[in-house]
Amino acid sequence: MEFTAKQIADFIGGRVEGDENAKVRTFAKIEEGKEGAITFLSNPKYTHFIYDTKASVVLINDDVELEKPVSATLIRVPNAYECVAKLMQMYAATLPKKTGVDPLAFISKTAEIGKDVYIGPFTYVGDGVKIGDGSMIYPHVTIYDGCQIGKNVTIHAGAVIGADGFGFAPNQEGYDKIPQMGIVVIEDNVEIGANTCVDRSTMGQTIIHKGVKLDNLIQVAHNCEIGENTVMSAQVGMAGSTKIGAWCMVGGQAGFSGHITIADKTFVGAQSGVISNTKGNGEQLIGAPAIDPKVFFKAQAVMKRLPDMYRELGALRKELEELKKEHNA
Amino acid sequence: MEFTAKQIADFIGGRVEGDENAKVRTFAKIEEGKEGAITFLSNPKYTHFIYDTKASVVLINDDVELEKPVSATLIRVPNAYECVAKLMQMYAATLPKKTGVDPLAFISKTAEIGKDVYIGPFTYVGDGVKIGDGSMIYPHVTIYDGCQIGKNVTIHAGAVIGADGFGFAPNQEGYDKIPQMGIVVIEDNVEIGANTCVDRSTMGQTIIHKGVKLDNLIQVAHNCEIGENTVMSAQVGMAGSTKIGAWCMVGGQAGFSGHITIADKTFVGAQSGVISNTKGNGEQLIGAPAIDPKVFFKAQAVMKRLPDMYRELGALRKELEELKKEHNA
Amino acid sequence: MEFTAKQIADFIGGRVEGDENAKVRTFAKIEEGKEGAITFLSNPKYTHFIYDTKASVVLINDDVELEKPVSATLIRVPNAYECVAKLMQMYAATLPKKTGVDPLAFISKTAEIGKDVYIGPFTYVGDGVKIGDGSMIYPHVTIYDGCQIGKNVTIHAGAVIGADGFGFAPNQEGYDKIPQMGIVVIEDNVEIGANTCVDRSTMGQTIIHKGVKLDNLIQVAHNCEIGENTVMSAQVGMAGSTKIGAWCMVGGQAGFSGHITIADKTFVGAQSGVISNTKGNGEQLIGAPAIDPKVFFKAQAVMKRLPDMYRELGALRKELEELKKEHNA
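Source: prediction; values computed, not measured.

Focus: the overall build of chain A
Okay, so step 1: Regarding its fold elements, chain A presents four helices and 36 strands.
Okay, so step 2: For 329 residues, the compact-globule estimate of 2.2 N^0.38 gives 20 Å, and chain A exceeds it by more than 25% at 27 Å.
Okay, so step 3: The principal-axis extents of the C-alpha atoms in chain A amount to approximately 95 × 70 × 30 Å.
Okay, so step 4: A total of 329 residues make up chain A; the buried ones form 57% of that total.
Okay, so step 5: In chain A, once contacts between residues fewer than 6 apart in sequence are set aside, the share between residues at least 24 apart is 18%.
Okay, so step 6: Put simply, chain A shows about 13,700 Å² of open surface, and 51% of that area lies on carbon and sulfur atoms.
Okay, so step 7: Mean positive and mean negative side-chain charge positions of chain A (33 and 39 charges, respectively) differ by 2 Å.

Below, the structure is given as structure tokens:
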């Protein structure tokens, strides 16, 4: 591809500052920009890079005021990040897409595979598994027997869908395994990251509802449910039978106790530990155990002064006792 | 299968309340119960579901008092969870079990595979590996050279047994690798979850003793030892050379420092960080660094009031100084 | 191999105490030593094992004073751990090394594989991937299209290099996927642990610089950069666009927020949460949010006394009020 700044500005509804004929052939991060690249400035932390970038064109928000002239051609837009995403999507759509079932995949005879599906080498699709149209299953994915994958689902390498939930009943000598007889259902438009695990249900279904995005190395235990369009960063863990609502956002390495219910639009900070039901939609939680972020950050700020507080408390006690003695003398 | 409530009650020693001839063909969660399903009520959190469940039969503890009539037939038992587990085990035992070495697995010529073993497609079994009778090794497992797997062991997809321990000695330019020349030994009746990693020892053995149950995405570093029947939830991490006793329970995402010893029957809460030896059997630990749960939860409760305490401390100081001044005046 | 204590002492420049002709054929941990084994004593925690070890030879630091005679022959050296590592390296170098591309690996026709490379069964090497000389790629590794692996790189089983970064832009109905068009670059002498994930960049490169050592189950998000010779323990997570300097050490289960910069030689404790740029080289950080270890441990020590402090504060208030009343009476 090769486009001029003007062509791009016209396409996304932006305004050119600089050379309208500046040409771009590729994308680059602003700090790695080079001749022929288009980049963007969205995070104010990176503003200083714009003065030195060698990129030919920079998408930049209308309201950013620059302190010095820049050599790159600017395209002013209301939201530079959205615009670059749109351009990348447009470009990506022109690239060849992997399709077809690789001959090195293992597909059970009783599995049902939809149209326009990609299944990579070494992926294992068990008995009775259903995979909907347009889904992309990368190499090394394991889908245990009976699970259901919707349409336009993406599953990255190494993910394991439908392994046994973790259920054992203690006996005198050790544990009896509780058979895990349910399945996993993954609805349409879900994306599941590399090496993420979603365990099958003890009975019934572990359900990932449509539009959910799970990052890498996440653990979803048996009987869990994740509501539509909820997004989870890497290494999050959910214990068994927990239900998370729709449109939630969960930061990396956060954890959820079992058998709790999280309402829609809950925001959970990274590394938090959520141990009880939330009170209603839109709650924000951080810390372990997770509490209101305002309370959390205030308490954290005082934390560092704890040793001083402890000493001061001792001093106050001593001085008060002396004063009492004097008063009573 | 199809059984009546009476047949089931007779089998597990329960008492029918309702239609003795109610028929069940499948298992269901109480909130997803439907005609022909048997379910159970064990966790009091779910009691409200019993009034609306469409399940035909519900196993319920003797001591649960219901506030309203229910349409389902009840079977009263001392422990509903144990009974449903027993029924599921009985049913599962009638299902066909995977056996045999899949032709798509890689088995070294020098590996020794026991009887009635299942090894799934794409599983890699290295040189000199031994696998005991009755073990189930799901697809995509990697067992490095020389490791030993006992009898009736289950290893889920993507688990990696025997990769190099993490040992490097710094030199002027970088690091020298410390060869990891030991092995991993997994004893009988162990279950290992999906994508869990157990590293080989530097010398000697990393040992998982019999009956241990490890959930998904766990890290067991080189030279570790886990005692009999200890259970660990997902995403736990053990640093090198740490020894955990028998019959311990470890919550999800907990971590253990290296070179420490944890006594038998220790209970470690989720997300805890255990950094030193425990004092004796049966200890409970929570938090990071992990402490006694009573102390932990009391301190957590006060945490939220820290900013108030800080202000109060300042107020007391000021008032005390004023009082002193007045007193000395 | 079979060597005498004298031969080994001569080779590493140590001094024999005991039988110069004691013979060793293998390595062992000190607590598992047996006849014919050489072991070492480096960690003072393990000193008590030396009196009972059945190992024939023990490497021991010059400055360790023993309280009782020992049956093993000692070799005194300035640094026992370094010496045993050197001996193990020497021995490991004599063992046969895996080489060659296994016929059960999938190698794209457009991939470029260097000399003396090992690629294990079921490993997937995508289009345009480059792998440098002497690298060892164990079974079940997935390397997505376009990634670059340097020389003498080791990648353990189940690692996923180059899966899509986690980028989604919300729209009315769900999310638009932000195409992840960059690659992953892994430089020379890097080691990557089992089931670790390194995501491809949105644009440009996710870079792991030379000599970096990553343990198992680590998450490196899109656009990250890890400086030379930095070492990370298992289950660490880095959010997107974060840059970590050279020669850093990161403890297990630690996490890094996105878009931050960590200076060289930073030390981050296990389970820490680093949420902002560091101030300069050589900083130490622990806790979540991560702070100076001295402050952290002092605050932790006081934490347990928080409930007492809270009560004492209330008592002080009450007594002060009484004293005021008396004073004003």
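Resuming the write-up.
Section: the relation of the copies chain A and chain C
Okay, so step 1: At an RMSD of 0.1 Å, chain A and chain C line up after a rotation of 120 degrees and a shift of 0.1 Å along the axis. Taken together, the rotation and translation describe the operation of a three-fold axis.

A word on the interface of chain A and chain C
Okay, so step 1: Between chain A and chain C, the residue contacts involve 62 residues of the former and 76 residues of the latter.
Okay, so step 2: Carbon and sulfur atoms make up 66% of the surface buried where chain A meets chain C, a total of about 5,300 Å² over both sides.
Okay, so step 3: Sorting the residues of chain A by area buried against chain C places A:Lys29, A:Met88 and A:Leu313 first, and these three jointly supply 10% of that buried surface.
Okay, so step 4: Taking the shortest distance from any N to any O, the salt bridge between C:Glu319 and A:Arg317 comes out at 2.7 Å.
Okay, so step 5: Here chain A is connected to chain C by 27 residue pairs in polar contact (both at pLDDT 80 or more).
Okay, so step 6: Elements with a minimum of two residues in the side of chain A that touches chain C: α2 (80–94), β25 (213–214), β28 (231–232), α3 (293–303) and α4 (306–328) of chain A.

What about the packing of aromatic side chains?
Okay, so step 1: In this structure the tally under the stated criterion is 30 aromatic pairs over all chains.
Okay, so step 2: Geometrically, the ring pair formed by A:Tyr175 and B:Trp247 is tilted, given 5.4 Å between the ring centres and 40 degrees between the ring planes. Placement of A:Tyr175 in strand β20 (residues 175–177) and of B:Trp247 in the loop between β30 (243–244) and β31 (249–250) is noted, with the two residues assigned to different chains.
Okay, so step 3: The exposure class assigned to A:Tyr175 is buried, which follows from its relative accessible area of 17%.

A word on the environment of B:Ile291
Residue and element names in this part refer to chain B.
Okay, so step 1: Position of Ile 291 relative to the elements: it lies in the loop between β36 (284–285) and α3 (293–303).
Okay, so step 2: What makes Ile 291 buried here is its relative accessible area of 18%.
Okay, so step 3: Through-space distance from the C-alpha of Ile 291 to that of Ala 93 is 43 Å; in sequence the pair is 198 residues apart.

Overview of α3(A)
Okay, so step 1: Taken residue by residue, α3(A) has A:Pro293, A:Phe296, A:Ala299, A:Gln300, A:Val302 and A:Met303 as its buried positions.
Okay, so step 2: Those residues of α3(A) that are buried lie in contact with β36 (284–285) and α4 of chain A, α3 and α4 (306–328) of chain B together with α3 (293–303) of chain C.
Okay, so step 3: Near the N-terminus of α3(A), the side chain that reaches the backbone nitrogen of A:Lys294, with its oxygen 2.9 Å away, is that of A:Asp292.

What to know about the confidence of the model for chain A
Okay, so step 1: For chain A, the mean per-residue pLDDT works out to 95, and 100% of the residues sit at or above 70.
Okay, so step 2: Reported for the predicted complex are a pTM of 0.95 and an ipTM of 0.94.

Quick word on the interface of chain A and chain B
Okay, so step 1: Counting from both sides, the interface comprises 76 residues of chain A and, opposite them, 62 residues of chain B.
Okay, so step 2: Between chain A and chain B lies a buried interface of about 5,300 Å² when both sides are counted; carbon and sulfur atoms form 66% of it.
Okay, so step 3: If you sort the residues of chain A by the area they bury against chain B, A:Phe166, A:Tyr175 and A:Met203 come out on top, with a joint share of 15%.
Okay, so step 4: For the pair chain A and chain B, the interface holds six salt bridges.
Okay, so step 5: A salt bridge links B:Arg317 to A:Glu312, with the nearest nitrogen and oxygen atoms 2.8 Å apart.
Okay, so step 6: For the interface between chain A and chain B, the tally reads 26 residue pairs in polar contact (both at pLDDT 80 or more).
Okay, so step 7: Breaking the side of chain A that touches chain B down by element, the ones donating at least two residues are β20, α3 and α4 of chain A.
Okay, so step 8: Here the side of chain A that touches chain B gets 11 residues from one element, more than from any other, and that element is α4(A).
Okay, so step 9: Here the residues of the side of chain A that touches chain B sort into 36 nonpolar, 27 polar and 13 charged.

A closer look at a nonpolar patch on the surface
All names here are of chain B.
Okay, so step 1: A cluster of nonpolar side chains, contributed by Met 1, Phe 3, Phe 11 and Met 90, occupies part of the molecular surface with about 350 Å² of accessible area.
Okay, so step 2: One can find Met 1 in the segment before β1 (3–4).
Okay, so step 3: Taking relative accessible area as the criterion, Met 1 reaches 40% and is therefore assigned partly exposed.

Parameters at a glance
Residues numbered from 1 in each chain as written. Chains lettered and ligands numbered in written order. Predicted model: local features only at pLDDT ≥ 70, side-chain atom pairs only at ≥ 80, totals over all residues. Heavy atoms only, no water. Helix = DSSP H or I, 4+ residues; strand = E, 2+ residues; numbered from the N terminus. Rg over C-alpha atoms; globule rule 2.2 N^0.38 Å. Buried < 20%, exposed > 50% of the residue type's maximum accessible area, 1.4 Å probe, protein only. Contact = heavy atoms within 4.5 Å. Areas by Shrake-Rupley, 256 points an atom, 1.4 Å probe, with all protein chains shown as cover. Lys, Arg positive; Asp, Glu negative; His and termini not counted. Charge placed at Lys NZ, Arg CZ, Asp CG, Glu CD. Least-squares fit on C-alpha atoms with pLDDT ≥ 70 in both. Buried area = accessible area lost by both parts, 1.4 Å probe. Salt bridge = Lys/Arg side-chain N within 4 Å of Asp/Glu carboxyl O. Polar contact = N/O pair within 3.5 Å; in protein donor to acceptor, adjacent residues only side chain to side chain. Phe/Tyr/Trp six-rings, centres within 6.5 Å; stacked < 30°, edge-to-face > 60°. pLDDT = per-residue confidence, 0-100. Nonpolar A, V, L, I, M, F, W, Y, C, P; charged D, E, K, R; others polar. Patch = residues over 30% accessible without salt bridge, like charges linked within 9 Å, V, L, I, M, F, W, Y side chains within 5 Å.

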